[in-house]
Amino acid sequence: MYKTSSSDKIPCLCVTNRKLCQGNFYERIWQIAQKREADAILLREKDLSQSEYEKMAENVQRICQEADMTCIFHNFWESARKLHCQNIHLPLGILETLPNGVRNYFQKIGSSVHSIEQAKRAEELGADYVIAGHVFETDCKKGMPGRGLEFIQEVSGGVHIPVYGIGGICRENAASVVQAGAAGVCVMSGFMTIRQ
């Protein structure tokens, strides 16, 4: 659970980005997992090849297993099956082409969406949750204004699966995202940039 500035605890996914990490990336993952700073760790690392991702995923998965923390792989469903990870987060385009037999392997499938139409499509395809964004302005998408809380309200009201907000979310504004209808939030910089 993510503790906000008002001490509320909000369901939260830690989204990784090793390039933002100040210090050793694996030590930071261990710290997040051990201290229960988030409810799950989504290993994103979009710039890695599949083989590079797989090596990193093996290490992160081991850390998560030792701490009894949920680990979610991103994009590479073949690697998730190989390493026996039953939680996968997929871009909508990959979710659309995921073979039915593969879907049944996973306990949880998530997808990233940027519109109400995409959220509905992800739900139709069997997604268990969606990550919707970006909510607020963020350094990850410089120069692009956030879609705002109204966007979260629209997406959350338009599907029957949990919606997690992402983009510029911090302890000061996380509660407002949940108040707009989200089941929880995703945080990247807030976890990755903390010095150990």
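Residues numbered from 1 in each chain as written. Predicted model: local features only at pLDDT ≥ 70, side-chain atom pairs only at ≥ 80, totals over all residues. Heavy atoms only, no water.

It is not clear to me how the overall build of the protein should be interpreted in this structure. Could you clarify?
Tallying secondary structure elements over the protein gives nine helices and 10 strands in all. Relative to its 196 residues, the protein shows a buried fraction of 49%. Look at the contacts in the protein between residues 6 or more apart in sequence, and 57% of them connect residues 24 or more apart. In the protein, the 22 positive side-chain charges and the 22 negative ones have mean positions that sit 3 Å from each other. (Helix = DSSP H or I, 4+ residues; strand = E, 2+ residues; numbered from the N terminus. Buried < 20%, exposed > 50% of the residue type's maximum accessible area, 1.4 Å probe, protein only. Contact = heavy atoms within 4.5 Å. Lys, Arg positive; Asp, Glu negative; His and termini not counted. Charge placed at Lys NZ, Arg CZ, Asp CG, Glu CD.)

Please clarify how the layout of surface pockets should be interpreted in this entry.
One simple way to see leftover space: roll a probe sized like a water molecule over the atoms. Taken as a whole, the second largest pocket holds about 210 Å³ of empty space. Considering the residues around the second largest pocket, the lining is formed by 13 residues, among which Leu13, Ile72, Lys108, Tyr129 and Tyr164 are closest to the centre. Secondary structure elements with two or more residues in the lining of the second largest pocket: strand 3 (12–15) and strand 5 (70–74). Of the residues contributing to the lining of the second largest pocket, the split by class is eight nonpolar, two polar and three charged. (1 Å grid on protein atoms, 1.4 Å probe; cavity = no way out; pocket = protein on both sides within 12 Å on 5 of 7 lines; lining within 4 Å. Points joined across faces, edges and corners; volume = space filled by probe spheres on them. Nonpolar A, V, L, I, M, F, W, Y, C, P; charged D, E, K, R; others polar.)

Explanation requested: the pattern of salt bridges in the structure shown.
Pairs may arise between side chains of opposite charge once their charged atoms sit close together. Tallied over the entire structure, the rule returns seven salt bridges. A salt bridge links arginine 18 to glutamate 45; the shortest N-O distance between them is 2.6 Å. Here arginine 18, found in the loop between strand 3 and helix 1 (25–34), pairs with glutamate 45, found in the loop between strand 4 (40–43) and helix 2 (50–66); they are 27 residues apart in sequence, far enough to count as distant. Lysine 82 is the partner of glutamate 54 in a salt bridge, and the nearest nitrogen-oxygen pair spans 2.7 Å. (Salt bridge = Lys/Arg side-chain N within 4 Å of Asp/Glu carboxyl O.)

Would you take a moment to explain the packing of helix 6 (residues 116–124) against helix 7 (residues 149–158) for this structure?
Packed helices, taken two at a time, are described by their axes: the angle between them and the distance between them. Running from N to C, helix 6 and helix 7 cross one another at 30°; their axes reach a closest spacing of 9 Å. Classified by the angle their axes make, helix 6 and helix 7 are roughly parallel. As helix 6 runs across helix 7, the sense of the crossing is right-handed. Contact residues: Ile116, Ala119, Lys120 and Glu123 in helix 6; Glu154, Val155 and Gly158 in helix 7. (Axes fitted to C-alpha atoms, helices over the stretch in contact; angles between N-to-C directions. Parallel < 35°, antiparallel > 145°, perpendicular 65-115°, else oblique. Left-handed = near helix turned anticlockwise from the far one by under 90°.)

Even after reading the chapter, I still don't get the sheet that holds strand 6 (residues 87–91), so can you show me in this structure?
Note: strands within a sheet are paired through backbone hydrogen bonds, in either parallel or antiparallel orientation. Pairing is parallel in the closed barrel, where eight strands are placed in the order 3-4-5-6-7-8-9-10. For this sheet, the mean angle separating the axes of adjacent strands, direction not counted, is 25°. Relative to strand 5, strand 4 runs parallel, the two sharing four bridges. In the sheet register, alanine 40 faces strand 5, and the bridge partner there is threonine 70. Sheet contacts for helix 2: strand 4 and strand 5; angle to strand 5, the most-contacted strand, approximately 170°. (Pairing = 2+ DSSP bridges.)

Explanation requested: the pairing of strand 8 (residues 129–133) in the structure shown.
Note on strand geometry: in a regular strand, side chains alternate between the two faces of the sheet. Across the five residues of strand 8, five count as buried, placing the element largely inside the fold. Of the two faces of strand 8, the one holding Tyr129, Ile131 and Gly133 and the one holding Val130 and Ala132 are both buried throughout. Examined bridge by bridge, strand 7 (residues 108–113) and strand 8 share four bridges and lie parallel to one another. Pairing of glycine 110 across the sheet is with tyrosine 129, part of strand 8. For the crossover that starts at strand 7, traverses helix 6 and ends in the parallel strand 8, the hand is right-handed. Relative to strand 9 (residues 163–166), strand 8 runs parallel, the two being bridged by four bridges. Its bridge partner being in strand 9, alanine 132 is matched across the sheet by glycine 165. (Right-handed = clockwise from strand over helix to strand, strands pointing away.)

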